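# Tertiary structure, described
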Amino acid sequence: MRNYGPKTMQKPGWSLDRRDPRFIEAFQPLWAWLYEHYFHVQTAGWEQIPEGQVMLVGSHNGGLSAPDMFMMVYDWVRRFGTDRLVYGLMHPKVWQASPPAAWLAERAGAIAAHPKTALAALDRGASILVYPGGAQDVFRPFYQRDQVQLGDRKGFVKIAIQRQIPIVPVVSWGAHETLLVLADIYPLVERLHELGMPWLLGIDPEVFPIYLGLPWGIAFGPLPNIPWPRPIDTYVGAPIYFERYGAEAARDRTYVDTCYWQVHHKMQHDLNHLIAKHSSE
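Residues numbered from 1 in each chain as written. Predicted model: local features only at pLDDT ≥ 70, side-chain atom pairs only at ≥ 80, totals over all residues. Heavy atoms only, no water.

As recorded by an unreviewed UniProt entry, the protein chain carries the name Glycerol acyltransferase and is attributed to Phormidium tenue NIES-30.

## Thoughts on unusual backbone geometry
Only a minority of non-glycine residues have a phi that is not negative, and only a minority of peptide bonds are not trans. How we decide: Labels follow the DSSP assignment, with helices taken as runs of H or I lasting at least four residues and strands as runs of E lasting at least two, numbered in each case from the N terminus.
Following Leu 214, the chain continues to Pro 215 via a peptide bond in cis, the omega torsion being 0°. Along the polypeptide, Pro 215 turns up in the loop between β8 (209-213) and β9 (217-220). Here Ala 66, not a glycine, exhibits a phi torsion of approximately 35°, which is positive. Mapped onto the elements, Ala 66 comes out in the loop between β2 (55-58) and α2 (67-80). Although it is not a glycine, Gln 164 adopts a positive phi angle of roughly 60°. Looking at the secondary structure, you find Gln 164 in the loop between α7 (155-163) and β6 (167-173).

## Points about the nonpolar core
This is how the line gets drawn: By nonpolar core is meant a set of buried Ala, Val, Leu, Ile, Met, Phe, Trp, Tyr and Cys residues that side-chain atoms within 4.5 Å join together. Partly exposed residues are those whose accessible area sits between 20% and 50% of the maximum for their type, while under 20% is buried and over 50% is exposed, using a 1.4 Å probe and protein chains only. For this analysis, residues touch if any pair of their heavy atoms sits within 4.5 Å.
Counting 38 residues, the largest nonpolar core has Met 55, Phe 156, Ile 161, Ile 167 and Phe 242 as its most contacted members. Those elements giving two or more residues to this core turn out to be β2, β3 (86-90), α5 (115-123), β5 (127-130), α7, β6, α9 (247-250) and α10 (253-279). Considering each element in turn, this core owes the most residues, nine residues, to α10. The contacts of Met 55, once residues within four sequence positions are left out, are Ile 128, Val 130, Phe 156, Ile 159, Ala 160, Ile 165, Pro 166, Ile 167 and Val 168. Formed by 14 residues, the second largest nonpolar core is a distinct cluster that contains Trp 46, Ile 49, Met 72 and Val 77.

Written out as structure tokens, the structure is:
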């Protein structure tokens, strides 16, 4: 693993001190309006979050606007206030692609998604919010809307095992309709890049969706979007506790794989419950 020293920790997204409780509180009325009148959010399961540190693990939808993620953060602050620390792990490329948006996100508690930053947040006594599926999850095609996508990334499991903290699964339904992703043509675009076509903004986006959404109509690539107003339903699942914890358990690949699929299956079960709920309405 790469050694990140003190100078590296000063890079954008690596400081925990940019989180500003007053900034978060100032935006709560705006989030409340979006929550109640734009997305008409329904939510359940918050009473299942135990006291102390937790790792919230989610699957999100709706492109870069990811409205279900923001509504989840609003719900956390609404219920626990700004004193119960939580940091959200955000893809490091956001700081390259959109520095102003990243600066705002940092003030709201976003940090770069990396084991070092996650561990630093936990060392501070904070909880963390993780979306392991990343860009592949948030831009997954519409036909995959009922599938939890964690990207086969298991670093979050290792951290939970190492630090002996419960994983709380969080899922949502409805945000996939705020942006209709028709397809991801990243393999084709990657091939064109190999033949000489430069990446947009010089950054490998990892996904290259074709989507219908505001304000572009039809868009190519992971462009920012304005979410359509669609009802969103979120659910906080029961905490997941593993049988073994500690550094030795975190180094056991077979055990980590088993724990990863335990989380994945629980999240898919909770998502299926939401889907069935809306299918019966």
